[in-house]
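# Architecture and fold: a report
Residues per chain are reported as follows:
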Amino acid sequence: CEGHIDRKLITQTWDYSLPRFPASGQPLVLPYPPVTSITSVTYVDSAGASQTWAESSSGYAKSLPAGPQADFATIYPAYGVSYPGTRTQPNAVTVRFVCGYGATGTNVPAAILSAMLLLVGHWYLHREAVDTGINSVTSILPIGVTSLLSPYRAG
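Below is a short write-up of the structure. The structure displayed is predicted, hence computed values, not measured ones.

Quick look at the overall build of the chain now. What the chain contains, in helices and strands, is 3 helices and 7 strands. Scanning the chain from its N terminus toward the C terminus, one meets helices and strands in the order α-β-β-β-β-β-β-β-α-α. Whereas a compact globule of 155 residues would reach a radius of gyration of roughly 15 Å, the chain reaches 20 Å, over 25% beyond that. Taking the principal axes of its C-alpha atoms as reference, the chain extends roughly 65 × 30 × 25 Å. The proportion of buried residues among the 155 residues of the chain is 32%. Look at the contacts in the chain between residues 6 or more apart in sequence, and 72% of them connect residues 24 or more apart. Carbon and sulfur atoms make up 55% of the accessible area of the chain, which amounts to about 9,000 Å² in all. When the 8 basic and 8 acidic side-chain charges of the chain are each reduced to a single mean position, those positions are 4 Å apart.

Put into structure tokens, the structure is as follows:
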């Protein structure tokens, strides 16, 4: 279900790495909503030294939409500030962030939990490696599952 909706259900910490900051004026968009916090933003400067970019009036600002259908979180330079210069290399920018609905399954929206139960029931009913029945298609999600999950698809 996480893969289908491109969200993380249980609280997790992720590192998101990029070769550079986005173009001027563009936000840095984080995957896996809902993002609950940003732990750090680090980058490799043009001299090759690792630097930390702080959240402040002279650093970055953030937008962390909340709620069960939250949009993507973004980071952007504070007013009047530009992205720092980075060295041209893979993983020059790394954002560590926390995402997910909560520490336990009780925090996951009920519709997603229902979709998971339907999917487990479907897999139990069709547990053979190959289903050769006339009206069966095992490579797609059952329609009830996709209907329950579609409001939560990120993006």
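Before going further, it helps to spend a moment on the packing of aromatic side chains. Aromatic ring pairs are described here by two measures, namely the spacing of the ring centres and the angle between the planes. One pass over the structure, following the stated rule, counts 6 aromatic pairs. For the pair F21 and W53, a centre-to-centre distance of 5.2 Å together with 65° between the ring planes defines the contact as edge-to-face. Of this pair, F21 sits in the loop between β1 (12-18) and β2 (28-29) while W53 sits in the loop between β4 (50-52) and β5 (60-63), and the two are 32 residues apart along the sequence. Of the two residues examined, F21 and W53, each falls in the buried class. An angle of 50° between the planes, with centres 5.7 Å apart, marks the rings of W53 and Y83 as tilted. Separated by 30 residues along the polypeptide, W53 in the loop between β4 and β5 and Y83 in the loop between β6 (74-77) and β7 (93-99) bring together distant segments of the chain. Neither residue differs from the other here; W53 and Y83 are each classed as buried.

This next bit is on the pattern of salt bridges. Under the definition given, this model contains 2 salt bridges. Close ionic contact of R96 with D15 constitutes a salt bridge, the shortest N to O distance being 2.7 Å. With a gap of 81 residues between them, R96 in strand β7 and D15 in strand β1 connect regions that are remote in the sequence. A relative accessible area of 36% means that R96 is categorised as partly exposed. Residue D15 is classed as partly exposed on the basis of its relative accessible area, which comes to 39%. Close ionic contact of E55 with K62 constitutes a salt bridge, the shortest N to O distance being 3.3 Å. On the basis of relative accessibility, which here comes to 30%, the residue K62 falls in the partly exposed class.

Attention shifts here to the sheet that holds β7. Ordered by their spatial adjacency, 4 strands build an open sheet running β1-β7-β3-β4, and the pairing between neighbours is antiparallel. The outermost strands of the open sheet, each flanked by one partner alone, are β1 and β4. Within this sheet the neighbouring strands show an average axis-to-axis angle of 25°, counted without direction. Sheet topology note: the strand β3 (residues 35-44)/β4 ladder contains 3 bridges and is antiparallel. Looking at β4, one finds that Y43 is bridged to Q51.

Criteria and cut-off values
- Residues numbered from 1 in each chain as written.
- Predicted model: local features only at pLDDT ≥ 70, side-chain atom pairs only at ≥ 80, totals over all residues.
- Heavy atoms only, no water.
- Helix = DSSP H or I, 4+ residues; strand = E, 2+ residues; numbered from the N terminus.
- Rg over C-alpha atoms; globule rule 2.2 N^0.38 Å.
- Buried < 20%, exposed > 50% of the residue type's maximum accessible area, 1.4 Å probe, protein only.
- Contact = heavy atoms within 4.5 Å.
- Areas by Shrake-Rupley, 256 points an atom, 1.4 Å probe, with all protein chains shown as cover.
- Lys, Arg positive; Asp, Glu negative; His and termini not counted.
- Charge placed at Lys NZ, Arg CZ, Asp CG, Glu CD.
- Phe/Tyr/Trp six-rings, centres within 6.5 Å; stacked < 30°, edge-to-face > 60°.
- Salt bridge = Lys/Arg side-chain N within 4 Å of Asp/Glu carboxyl O.
- Pairing = 2+ DSSP bridges.
- Axes fitted to C-alpha atoms, helices over the stretch in contact; angles between N-to-C directions.

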